[in-house]
Amino acid sequence: MNHQESLTAYIAAIVSELIFTGVSDVVVSPGSRSTPMAMIMAEHPDLKVHIHVDERSAAFFALGIAKALNKPVAILCTSGTAAANYFPAIVEARYARVPLIVLTADRPHELREVGAPQAIDQIHLYGSHVKWFSEMALPENSNEIIRYARTVCARAVAIATSAPSGPVHLNFPFREPLIPKLDDELFRLHERANGYVKVHNGDLTIADEQFQDIAEKLTKTNKGIIVCGNIIDNEFPEAVTRLAEKLNFPIIADPLSQLRSGKHSLENIIETYDTFLRNNDAKAFLKPDVVIRFGSMPISKALTVFLKENGSAEQYVIDGGGGWRDPSSVSTSMIFCNESLFCRKLFTYTVEESSSEFLTEWKRVNLLTKENMTSLRDITEVSEGRLFYQLAEMLPEGATLFVGNSMPIRDLDSFFLTNNKAIKVMANRGANGIDGTVSTALGAALYSKSLYLVLGDLTFFHDLNGLIAAKLYNIDINIILVNNNGGGIFSFLPQSEHPENFELLFGTPLNIEFEHAVNMFKGEFTKIKDWDHLGSEMMKTTSNNGLKVYELKTIRDINRDQHREFWGFVSQEISNFVKGEQ
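Residues numbered from 1 in each chain as written. Predicted model: local features only at pLDDT ≥ 70, side-chain atom pairs only at ≥ 80, totals over all residues. Heavy atoms only, no water.

Description of the overall build of the protein chain
The line we're drawing: Secondary structure counts use DSSP, requiring at least four H or I residues in a row for a helix and at least two E residues in a row for a strand, with both numbered from the N terminus. We compute the radius of gyration over the C-alpha atoms and compare it with the globule rule, which gives 2.2 Å times the number of residues raised to the power 0.38. Think of it in three bands: with a 1.4 Å probe and only protein chains considered, a residue is buried below 20% of the maximum accessible area for its type, exposed above 50%, and partly exposed in between. Contacts were defined at the residue level, with two residues in contact if any of their heavy atoms lie within 4.5 Å. Each accessible area value is a Shrake-Rupley result obtained with a 1.4 Å probe; residue values ignore everything except the protein chains displayed when judging cover.
Within the protein chain, the regular secondary structure consists of 22 helices and 18 strands. Relative to its length of 582 residues, the protein chain is compact, with a C-alpha radius of gyration of 26 Å against a globular reference of 25 Å. With respect to the principal axes defined by its C-alpha atoms, the protein chain has extents near 85 × 60 × 45 Å. For the protein chain, buried positions account for 58% of its 582 residues. Taking all contacts inside the protein chain whose residues are at least 6 apart in sequence as the whole, residues at least 24 apart take part in 78%. As displayed, the protein chain offers around 23600 Å² of accessible surface, 50% of which is attributable to carbon and sulfur atoms.

Take a look at the structure:
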């Protein structure tokens, strides 16, 4: 059999196996060396091929698709620096636990390290940032190599999706000529009725005796809290809220926990902790004896400090991915168990707690903080705090809210209150960077209902070229651009106390007219004048299609002062309340 036939059979088997193992989407960046795989992928009727010319943006776009579908997505590029441009998204996928199947084409072995063009060392290119790497064999049409290729693909998808999910890397050396033989028999070669190998992934758990022991310890305390960070599991909200109700524990719910919005019980959800845990009286009043923590570390620094200050409390960290999410080293029990399973099993062994005094105290402080948040409506000019306070009522039922890092995600944490609209909240909180945010949100928007992206001007600028996906695929996305002309978060950090070179090094004003960039990608751009204008525009977003950008211009110093004034006012109210209770 000649080279072309071997190349075709080998790659067709690989693509078929990817489909068999559940991959339905691939993001392809054009290139020469990846030609055979790209052409064969385009021929498969069950594979959706998305073309993105910029590898860096393409990888983040795939990351967004994987987040929205909660399943693995493949990315394919040619050899050389094209593969290096995948790196930021791979790092994010690793730490955010998102399954990506990274497919890189490469020069064959005889063209490596000999000065051949577009040839770099791609072996273990991403180091420990991928869960697994395999240097693939050269194409061959023997039964042994076909079986090997399909088995490696099945193994790669299984590793990518096993807890904790993450990226895997397969590197493919291809010799020229690179054009495969496309015909009607392309995907019927070497097929087996039941596939080649099926991998069965199971959930981590612990013994029943350990559940019983934990349940006995929890029944001996009336002062326990549940802390929930970023976690994606449709069964978790119901499981954890039932457990909290039985234990009479408040749930401190990070916005990425998916617990602040939905049809599950919101009765014991505490969402304003980032404000009241800045107050020492409140922290002393609400001091727990037991902490049960699920998901990644919370966004709120005030909450993180609170957990660290209560290092003497019994702190259980439950992680179905078997990770070690404890940067403050305060955990007393690290439990490797699926989070929803843990809640359900513990529920069966736990005796219903009769005392609810501690829970009531948390709820009263939370309610007092929420009542004082109504003062945000008195801010007449467009402001960042009021925006996030009103987001829940502005967004439609079932919307997806994607939030950029830096100040937007922190304002979301502080001011986004509970609601029953089932709003899904997403962000790139693996490595917490601002890069790739637009591309990731567009990937998620491809498979999401009514996606709204809220981000700052630096984050928007950092990934403007990602907007090409909206133009190419006519993706519906509404972008709320908070433009404070620079790095707003630095105004809250110690760097702001050194004004000599603050604007040069940290404020970094860009003075960009973003309207021109949005027009270039055939989007609609609106400068928001006031709150009524924003409200009327948001009412239109449910019916309009395509790319829409709404710019809210704010002033960094005023925004900082408004935050501090609000926190100071609420802190005094909380201190008065706590002292009255004592």
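Okay, back to it.
Thoughts on the sheet that holds strand S18 (residues 547-553)
What counts is decided by this rule: Strands are labelled as partners when DSSP assigns at least two bridges between them. The angle between two axes is taken between their N-to-C directions and runs from 0 to 180 degrees, where each axis is a line fitted to C-alpha atoms and a helix contributes only its stretch in contact.
The strand order across the open sheet formed by 6 strands is S14-S13-S15-S16-S18-S17, and the pairing between neighbours is parallel. Looking at the sheet topology across the chains shown, the edges are occupied by strand S14 (424-426) and strand S17 (524-527). Shown here is a sheet whose adjacent strand axes are inclined to one another by a mean of 20 degrees, direction ignored. Looking at chain direction, strand S13 (residues 400-403) and strand S15 (residues 451-456) are connected through 4 bridges and run parallel. Note that in S15 the partner of threonine 400 across the bridge is leucine 451. Packing against the sheet, helix H14 (residues 384-394) makes contact with S13, S15, strand S16 (477-483) and S18, and its axis sits at approximately 155 degrees to S16.

Remarks on the packing of aromatic side chains
This is how the line gets drawn: Stacked, tilted and edge-to-face pairs are distinguished by plane angle, under 30 degrees for stacked and over 60 for edge-to-face with tilted covering the rest, among Phe, Tyr and Trp rings (Trp via its six-membered ring) whose centres lie within 6.5 Å. Lysine NZ or arginine CZ positioned within 6 Å of the ring centre and within 35 degrees of the ring normal marks a charge as sitting over the ring.
In this structure the tally under the stated criterion is 12 aromatic pairs. On the basis of an interplanar angle of 20 degrees and a centroid distance of 6.5 Å, the ring pair of phenylalanine 61 and tyrosine 473 is categorised as stacked. Here phenylalanine 61 is found in helix H3 (residues 55-69), whereas its partner tyrosine 473 is found in helix H18 (residues 468-473), with 412 residues between them in sequence. Note on phenylalanine 358 and tryptophan 362: the rings are 6.4 Å apart at their centroids and 75 degrees apart in plane angle, and the pair reads as edge-to-face. Taken together, the positions of phenylalanine 358 and tryptophan 362, both in helix H13 (residues 357-373) and 4 residues apart, correspond to about one turn of that helix. Each member of the pair phenylalanine 358 and tryptophan 362 is classed as buried. Members of the aromatic cluster, each reached through a chain of ring pairs, are Phe211, Phe236, Phe294 and Phe342. One Lys or Arg, arginine 242, reaches over the ring of phenylalanine 347 and ends 3.9 Å from the middle of that ring. Lying over the aromatic face of tryptophan 567, arginine 278 brings its terminal NZ or CZ to 3.6 Å of the ring centre.

A word on the pattern of salt bridges
What counts, and what does not: What counts as a salt bridge is simple: a side-chain nitrogen of Lys or Arg found within 4 Å of a carboxyl oxygen of Asp or Glu.
Summed over the entire model, instances satisfying the criterion amount to 23 salt bridges. Of the charged contacts in the structure, one is a salt bridge between glutamate 397 and lysine 263, with a shortest N-O distance of 3.5 Å. With glutamate 397 in the loop between H14 and S13 and lysine 263 in the loop between strand S8 (251-253) and strand S9 (269-270), the pair connects residues that are 134 residues apart, well separated along the chain. Looking at lysine 263, the relative accessible area reads 63%, which means it is exposed. One salt-bridge network, in which partners are shared between bridges, spans Asp106, Arg112 and Glu135.

Focus: unusual backbone geometry
A cis amide bond links alanine 163 with the next residue in sequence, proline 164, at an omega value of -10 degrees. Examined against the element boundaries, proline 164 turns out to sit in the loop between helix H6 (143-161) and strand S6 (167-173). The residue after glutamate 176, namely proline 177, is reached through a cis peptide bond having omega 0 degrees. By secondary structure assignment, the location of proline 177 is in the loop between S6 and helix H7 (208-218). Not every positive phi belongs to a glycine, and asparagine 248 is a case in point at roughly 60 degrees. Assignment of secondary structure puts asparagine 248 in the loop between helix H8 (236-247) and S8. Phi angles above zero are rare outside glycine, and glutamine 258 is one such case at about 65 degrees. Of note, glutamine 258 is situated in the loop between S8 and S9. By relative accessible area, glutamine 258 is classed as buried at 15%.

Considering the pairing of S16
Counting buried residues in S16 gives 7 out of 7 residues, a clear majority hidden from the surface. Residues Ile477, Ile479, Leu481 and Asn483 of S16 are buried on one face, and the alternating residues Asn478, Ile480 and Val482, pointing to the opposite face, are buried as well. With 7 bridges joining them, S16 and S18 adopt parallel strand pairing. What sits directly across from isoleucine 479, in S18, is valine 549.

Describing the sheet that holds S9
Spatially, the 6 strands line up as an open sheet ordered S9-S8-S7-S10-S11-S12, and their pairing is parallel. Each edge of the sheet is formed by a strand with only one pairing partner; in this case those strands are S9 and strand S12 (333-335). Here strand S7 (residues 224-228) pairs with S8 via 3 bridges, running parallel. Among the inter-strand pairings, valine 227 is bridged to a residue of S8, identified as isoleucine 252. The strands that H7 touches are strand S10 (290-294), strand S11 (314-318) and S12; relative to S11, the one it contacts most, it runs at about 140 degrees.

Quick look at the environment of glycine 323
Among the structural elements, glycine 323 can be located in the loop between S11 and S12. Ignoring anything within four residues of it in the chain, the contact list for glycine 323 reads Arg97, Met334 and Phe336.

A word on the packing of H14 against helix H21 (residues 531-540)
How we decide: Crossings are assigned a handedness: left-handed for a near helix turned anticlockwise from the far helix by less than a right angle, right-handed for a clockwise turn. Residues are grouped as follows: Ala, Val, Leu, Ile, Met, Phe, Trp, Tyr, Cys and Pro are nonpolar; Asp, Glu, Lys and Arg are charged; all remaining types, including Gly, are polar.
At a closest axis distance of 12 Å, the pairing of H14 and H21 adopts a crossing angle of 30 degrees. Handedness of the crossing formed by H14 with H21: right-handed. Taken together, the residues of H21 that come into contact with H14 (itself represented by Arg386, Leu387 and Met394) are Trp531, Leu534 and Met538. Residues of the contact of H14 with H21, tallied by class, amount to 5 nonpolar, no polar and 1 charged.

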